[in-house]
Amino acid sequence: MIDKQMILDSMLKEINVVKHLATKVPAGKEDFRPSEKQRSTLELLRYLSYCGVSGLKAALATDWEIGKRMSEAANKLTLKDIPAALDREASELKDLFAQIKPEDLAQKMVARPGQDPMPLGRFILDSAFKYLPSYKMQLFLNLKASGRPELSTPNLWRGEDPK
């Protein structure tokens, strides 16, 4: 059975990989976007700096404006600010998970406005747990398309350069 520490560890690994990928943005290419309506590389990094924690924070506080406030703060981040922002996200996730009792994953019900309630564990899996690797993949593809074709599997899945 998967437990809360396994979920947290997986999410923290994704954040660490994003930190690694953030170091791979080609000079002057932080505004690269694959198409007009897609996020730029910097916009993706800004989103990744809070998407892992905002929903959980909002659900536990029952304050659905938290995500909006976090987005507004992230919109001010520069590329240089991203590593520290990712560290803050990881720290906040650890703090939030420390507040969750093991039984909360199955028994505590949460609901986004206008949606049916679901167990907290399912909420985490259907939000941040999926958001982090999905947007990490988009970041990786942006980087490759913007001048980093040498990036490969170890960069994406382990957060390290190939040997």
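In this report, we go over the structure that sits alongside the text. (Residues numbered from 1 in each chain as written. Predicted model: local features only at pLDDT ≥ 70, side-chain atom pairs only at ≥ 80, totals over all residues. Heavy atoms only, no water.)

Below, the discussion takes up the nonpolar core. Within the largest apolar cluster, 45 residues are counted, with the highest numbers of intra-cluster contacts made by Met11, Leu56, Leu93, Phe97, Ile124 and Leu139. At the level of elements, α1 (4-22), α2 (41-48), α3 (54-61), α4 (66-74), α5 (82-99), α7 (120-126) and α8 (128-145) are the ones that each hand at least two residues to this core. The element best represented in this core is α1, accounting for nine residues. (Core = buried A, V, L, I, M, F, W, Y, C linked by side-chain atoms within 4.5 Å. Buried < 20%, exposed > 50% of the residue type's maximum accessible area, 1.4 Å probe, protein only. Helix = DSSP H or I, 4+ residues; strand = E, 2+ residues; numbered from the N terminus.)

α5 packs onto α3 with a crossing angle of 35 degrees between their chain directions and a minimal axis gap of 10 Å. In this structure, α3 crosses over α5, and the sense of that crossing is left-handed. Residue-level contacts link Leu56, Lys57 and Leu60 of α3 to Glu92, Leu93, Leu96 and Phe97 of α5. Among the residues forming the contact of α3 with α5, the class breakdown is five nonpolar, no polar and two charged. (Axes fitted to C-alpha atoms, helices over the stretch in contact; angles between N-to-C directions. Left-handed = near helix turned anticlockwise from the far one by under 90°. Contact = heavy atoms within 4.5 Å. Nonpolar A, V, L, I, M, F, W, Y, C, P; charged D, E, K, R; others polar.)

Right, let's talk about α1 for a bit. The terminal C-alpha atoms of α1 lie 27 Å apart, and with 19 residues this matches the ideal 27 Å at 1.5 Å per residue to within 8%. Burial in α1 covers these residues: Lys4, Ile7, Leu8, Met11, Leu12, Glu14, Ile15, Val17, Val18, His20, Leu21 and Ala22. If you follow the buried residues of α1, they end up packed against α2, α5, α6 (104-107), α7, α8 and α9 (153-158). (Expected span 1.5 Å × (residues − 1).)

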